[in-house]
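Next come the chains, spelled out residue by residue.
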Protein chains: 4
Amino acid sequence: MLNFALMGAGRIGKMHAKNIVMHSKCNLSYIFDINQDLANEVAKQNKVNVVQSAEEAINDKDVDVVFIASATPTHVDFITMAAKAGKAIFCEKPIDLDIEKVNKCFETIKDFDVPIQIGFNRRYDNSHKALKLAKDSGEIGNLEMIVITSRDPEPPGIAYLQAAGGFFRDTTIHDFDLSRFILGDDPIIEISAYGSQLISDECKEVGDQDTAMFIMRSQKDVLIHINNSRRAVYGYDQRLEIFGSKGMMISNNQSPTSVQRFNNVSTLASDPIHFFFIERYDQAYKDELDEFVDIVIENKKPTVTFEDGRNALILANAAYESFNTGKSVNVNYK
Amino acid sequence: MLNFALMGAGRIGKMHAKNIVMHSKCNLSYIFDINQDLANEVAKQNKVNVVQSAEEAINDKDVDVVFIASATPTHVDFITMAAKAGKAIFCEKPIDLDIEKVNKCFETIKDFDVPIQIGFNRRYDNSHKALKLAKDSGEIGNLEMIVITSRDPEPPGIAYLQAAGGFFRDTTIHDFDLSRFILGDDPIIEISAYGSQLISDECKEVGDQDTAMFIMRSQKDVLIHINNSRRAVYGYDQRLEIFGSKGMMISNNQSPTSVQRFNNVSTLASDPIHFFFIERYDQAYKDELDEFVDIVIENKKPTVTFEDGRNALILANAAYESFNTGKSVNVNYK
Amino acid sequence: MLNFALMGAGRIGKMHAKNIVMHSKCNLSYIFDINQDLANEVAKQNKVNVVQSAEEAINDKDVDVVFIASATPTHVDFITMAAKAGKAIFCEKPIDLDIEKVNKCFETIKDFDVPIQIGFNRRYDNSHKALKLAKDSGEIGNLEMIVITSRDPEPPGIAYLQAAGGFFRDTTIHDFDLSRFILGDDPIIEISAYGSQLISDECKEVGDQDTAMFIMRSQKDVLIHINNSRRAVYGYDQRLEIFGSKGMMISNNQSPTSVQRFNNVSTLASDPIHFFFIERYDQAYKDELDEFVDIVIENKKPTVTFEDGRNALILANAAYESFNTGKSVNVNYK
Amino acid sequence: MLNFALMGAGRIGKMHAKNIVMHSKCNLSYIFDINQDLANEVAKQNKVNVVQSAEEAINDKDVDVVFIASATPTHVDFITMAAKAGKAIFCEKPIDLDIEKVNKCFETIKDFDVPIQIGFNRRYDNSHKALKLAKDSGEIGNLEMIVITSRDPEPPGIAYLQAAGGFFRDTTIHDFDLSRFILGDDPIIEISAYGSQLISDECKEVGDQDTAMFIMRSQKDVLIHINNSRRAVYGYDQRLEIFGSKGMMISNNQSPTSVQRFNNVSTLASDPIHFFFIERYDQAYKDELDEFVDIVIENKKPTVTFEDGRNALILANAAYESFNTGKSVNVNYK
């Protein structure tokens, strides 16, 4: 039985709280959020005590795991605190928006040798994972292209946008990681980025893009395309396609029902796809937790590492460089 | 080059005329229809001469093939005339609505030994045919069930209904033949039929059913279901499903486009399926003609025989007996 | 918080136990099974105490709900016991295999006036339910046909078959209920049944069918087709189709992934559908429990009544009469 | 009745010959090809006379239309010859590989004022066209992204590759035109191109790419992605997706059958999609001819203009500039 201290009681913290409580090998000991009301609400739902300070929870000797689902600017502090306290760490993406802070964090914690796993949930989706397995098993032959479509249902509010670090670091970072997940040991070495402001006045106000397209090249000359939007009226559009010498595989969208309508206007009309990540990646979040619990208990190596979190951020930064210079940028992982 | 005399210039005659004219080994010599206007129209479109009498065309020594696409009551006369003239015969289904007339016709023509092929077009549809091939090759293992959905887009007018011989002989006859096509040498031995009057006042007026369901049993205990309707607002619904010990295959509906729509109401919404048989079975009608031309030129045996036409009618008659008596009827092919 | 006494710790009891434990308003107080090992196993998984006798659990004054998921022959006894103890009752289908016992049970319990709900889980599947809603809202116009495909992945063992009461009462009973669910207040008045022994030697040994087809007619002349098999190698085939004057709706099969494969042999190849009812109706079982909890707490009327359980059995019996006599049978609900 | 002189009797000339012969308003008067054997073969199939020189055919006073489906380097000469002879011209894409020659050709012919139409066949595909109509009607709201997947089934031989002018001018040119078709009066102003050599030794030998990805931006900030491959083992992959503020539409792949297979390995497995352009765009090629015939007879303006052919080439050239410099290139249409 692992005792968890959960940092963050927002939308995603709330979801993690529920999964932790339902997991047969987990006990949720503490919830912390600077927003006391949020913390109280989640605590009440899950019959857990709220703590007044993150330190208190993180340093409690009975706590085994610090689970960080708070706002991005708090991540590095909580990671550092947890590492020093010798706790296993799960941290939502991104580690931080500033690569210097990420690097410094890594230097600080590396000697404490605690397991740390980054929350790139899509790696745990059964359909995306099937493509990774097929690529690794040779089923699609030599990998030649990856195409990722990733569109949110609706743009966030301005408060979120102001703290999000830009579209590429907030959203595309998932797709950078998903590309890296499929590629395995073939690194992405080059990137071009395009962005547009077409949808959201709030995005424009904070100087952010709401529509974006990317091309990347791996060392083995695989070409990767990503397209992103802050708004898809038909739901959370999440598609992954891999193409190789022996065939293609698509991890397509999913709908909560299997209803098909036929009338004088259209046929095969299905219900809208899942609304957003909570619904779409429900299975993935549960399996992500399950694997992490197994890693901690069995003393295994994390599968989504600090390095993975860092590299995805480096790609986002390179994307911004390309966007700002109008050049194809060589990615520097140093 | 085969010279054709075409009987009938209605909807289906018109379509056959076009296919014959376009076929590289066919020459359309004559068109006959008791409705001179129809005949003239089709003749004009295809630059062919109209004849005043069927006899004249059928007995012309240069005519090789009599192609019968006229009203059902004329079929037996034209078949007999053509057989006596030694011509190859293609006859649209059904041969006749009266099994006695069919039997007598068979007796009359059997000694003339001309090739005669019946127009069960669905056997030539590439998708339906793929299921037959899979069944024969063992791909689905031991055949256990057949399910046929066959629904017209809209009910015909009262004139058509009065001459059609009833829903089971006019429409279901195709599905009886399709069942026999899949089953091969395993005969249908038992049938139950249900019908309803739900759609068309004209159907009610002539005492006909517009909605129907059937179960049949083959000698090897395969169970077969057919359902029919005179009206499907989404188009001509033509589905064939075969189910066996190693799997299932579906020959599904087809649409003229591959468009899919995604919006806030529905996803994957496709255009309506083909409107009716002319569009849906376009490929089948062409291949049906092509095979028949090959049979005549190469002196091969017809693949859809007079016997097939007779047996489908016997099943329709047995269906009516079941419908009228409320009993499961044993089919007597004698 | 409702306290549950669960009867039965087999495959389905185990699943219900888990759902009850996870439900925020339920407490699982007792598990009983004549097979102590099964009971102990499920009890251990859910940290619940096993009881030695059903009576003890059912009559405990703190127990609010008796949840019956034990073998069919025990249902009537447990229902009666629970009704006399004044408990709310949930009972898996079928109530009993013998209509006389069912009727007697009804007479016995009717004066105790406890809520009793029957476990026809398919009514709670979101996709099937969407069809019911569309039918009721008029979206498909006047209902004309229902087509149900319901095939198990593999035949059960001989012990199960010996106690199951025959294919129609064990399996088709779900489809009879699903038909009744869609039809609403339009009763089924006529039925024809066909069966075959094609798959399972064990079925043959107990004199049971393993392949079956049915046609039914409702009072308003809707025609209904059901087909069943004890084995579909591609998984648990569960399809519901409703057809009316304004269109058609299909509740189609569901797969655990959304993977599509394209290679030189085939395209759009998806992963197999869900294996069996536990996976396929996971959402339905949870919502079924959720609604029942709401009924008990809010003192509402059960939505799937004892009468529903009785009527589905009457249809199964009528189906056997048709199968044995080769006649279309008028259904007598008296 | 229009009399056609057809230049070119290769794969695509052969197909056009058949369509011209079958068209009710067309007469195929001449076929010319420098390869006499090819010319003779197509002439024989279509009962047409071969001519020894293009001039002879083009200048025949009875010829109304010069239809150019010969090798690319001959296009400009034949266009010029035909314009001077006052004939209507249909020319397969690309006009030429050299923008200077294209510009000079335009200068030469502009005063002759003959109708000239360029063969961008995809504009005539009913599914692609439905997306254009939906975009224009406002059905998908404000256009935000276009995604084009366009992959050939197999790489061509070295002879073809040596004359083809490079992957972007030979293949992507279709997708550049398709993007322009959807965008309408919103010009593409910026482009980035990536290419890889992953598939074909012959491509490598001639220094060409066989795998490519592009991003483009329109004046209204619509982002466009194209991906291309010289080999897709599952057939000719042709997908067009448009995405806007009110929804998304996909023109998806098409298969010659509607067969779906279900077994213990996979479900919904369909037959491979169409092999290549002759099969996939059969309907488009026929409608393209049909519209052109209408334009000539009715004296209408061509819908796919010389300017369209020129602009697609300019985009291909800009793509090469981006590929060679690693920069995002501003497109200059002057």
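First, a word on scope: everything that follows refers to the structure included in this document. Remember, predicted model here, so these are calculated numbers, not experimental data. (Residues numbered from 1 in each chain as written. Chains lettered and ligands numbered in written order. Predicted model: local features only at pLDDT ≥ 70, side-chain atom pairs only at ≥ 80, totals over all residues. Heavy atoms only, no water.)

**Description of the overall build of chain A**
- Each helix and strand counted, chain A has twelve helices and 15 strands in total.
- Counting only C-alpha atoms, chain A reaches 55 × 55 × 45 Å along its principal axes.
- Residue pairs at least 24 apart in sequence account for 71% of intrachain contacts in chain A once pairs closer than 6 positions are excluded.
- Split by element, the accessible area of chain A, about 12600 Å² in all, is 48% carbon and sulfur.
- A distance of 2 Å separates the average location of the 36 positive side-chain charges in chain A from that of its 48 negative side-chain charges. (Helix = DSSP H or I, 4+ residues; strand = E, 2+ residues; numbered from the N terminus. Contact = heavy atoms within 4.5 Å. Areas by Shrake-Rupley, 256 points an atom, 1.4 Å probe, with all protein chains shown as cover. Lys, Arg positive; Asp, Glu negative; His and termini not counted. Charge placed at Lys NZ, Arg CZ, Asp CG, Glu CD.)

**Describing the pattern of salt bridges**
Residues and elements named next belong to chain C.
- Following the criterion strictly, the structure yields 104 salt bridges over all chains and no others.
- Of the charged contacts, one joins Arg151 and Asp237 as a salt bridge, the two residues approaching to 3.3 Å between their closest N and O atoms. Here the residue Arg151 occupies a position in strand β7 (residues 143-151), and Asp237 occupies one in strand β11 (residues 237-244), the gap between them amounting to 86 residues. For the pair formed by Arg151 and Asp237, the shared burial category is buried. (Salt bridge = Lys/Arg side-chain N within 4 Å of Asp/Glu carboxyl O. Buried < 20%, exposed > 50% of the residue type's maximum accessible area, 1.4 Å probe, protein only.)

**Describing helix α1 (residues 11-22) of chain D**
- For α1 of chain D, with twelve residues, the first-to-last C-alpha span of 17 Å sits near the 16 Å given by 1.5 Å per residue.
- Turning to α1 of chain D, its buried residues are Ile12, Gly13, Met15, His16, Ala17, Asn19 and Ile20 of chain D. (Expected span 1.5 Å × (residues − 1).)

**Side note on the interface of chain B and chain C**
- The partner chain C presents 45 residues to the 45 residues of chain B that form the contact.
- With both sides pooled, the region where chain B packs onto chain C buries about 3500 Å², and carbon together with sulfur makes up 63% of that total.
- When the area that chain B buries against chain C is broken down by residue, the three leading residues are Tyr194, Met213 and Ile215 of chain B, summing to 21%.
- On the surface where chain B and chain C come into contact, there are six salt bridges.
- A salt bridge links Glu241 of chain B to Arg151 of chain C; its shortest N-O distance comes to 2.7 Å. (Buried area = accessible area lost by both parts, 1.4 Å probe.)

**Description of the pairing of strand β10 (residues 223-229) of chain D**
All names here are of chain D.
- With respect to burial, β10 is a largely interior element, seven of its seven residues being buried.
- Alternating positions in β10 separate into two faces, Leu223, His225, Asn227 and Ser229 on one and Ile224, Ile226 and Asn228 on the other, with burial throughout.
- Of the strand pairs in this sheet, strand β7 (residues 143-151) and β10 are connected by seven bridges, and their pairing is parallel. Each bridged residue has a counterpart across the sheet, and for Val147 the counterpart in β10 is His225.
- Here seven bridges tie strand β9 (residues 211-218) to β10, and the two strands are oriented antiparallel to one another. Bridge pairing in β10 links Ile215 to His225.
- Between β9 and β10, which pair antiparallel in sequence order, lie four residues; one of them, Asp221, sits at a positive phi of approximately 70°. (Pairing = 2+ DSSP bridges.)

**Points about the sheet that holds strand β3 (residues 49-50) of chain C**
Residue and element names in this part refer to chain C.
- Pairing within the open sheet is parallel, and its six strands lie in the order β3-β2-β1-β4-β5-β6. Either end of the sheet is taken by a strand with one partner, and the two such strands are β3 and β6 (116-119).
- Judged from the four bridges that link them, strand β5 (residues 88-92) and β6 form a sheet pairing that is parallel. Within β6, the residue paired with Glu92 across the bridge is Gly119.

**Some remarks on the packing of aromatic side chains**
- A complete count under the given rule lists 60 aromatic pairs over all chains for this structure.
- With a centroid separation of 5.4 Å and 70° between ring planes, the pair formed by Phe90 of chain C and Phe292 of chain C is classed as edge-to-face. Of the two residues, Phe90 of chain C is situated in strand β5 and Phe292 of chain C in helix α11 (residues 282-298); the sequence distance between them amounts to 202 residues.
- A relative accessible area of 0% means that Phe90 of chain C is categorised as buried.
- For Phe292 of chain C, a relative accessible area of 1% corresponds to the buried category.
- A network of ring pairs unites the aromatic residues Phe168, Phe176, Phe214, Tyr320 and Phe323 of chain A as a single cluster. (Phe/Tyr/Trp six-rings, centres within 6.5 Å; stacked < 30°, edge-to-face > 60°.)

**So, a nonpolar patch on the surface**
- Where nonpolar side chains cluster on the molecular surface, the patch consists of Val21 and Met22 of chain A together with Val21 and Met22 of chain C and spans about 300 Å² of accessible area.
- Those elements that place two or more of their residues in the nonpolar patch are α1 (11-22) of chain A together with α1 (11-22) of chain C.
- Under the relative-accessibility criterion, Val21 of chain A is labelled partly exposed at 36%. (Patch = residues over 30% accessible without salt bridge, like charges linked within 9 Å, V, L, I, M, F, W, Y side chains within 5 Å.)

Remember, this is a structural readout, not a statement about activity or role.
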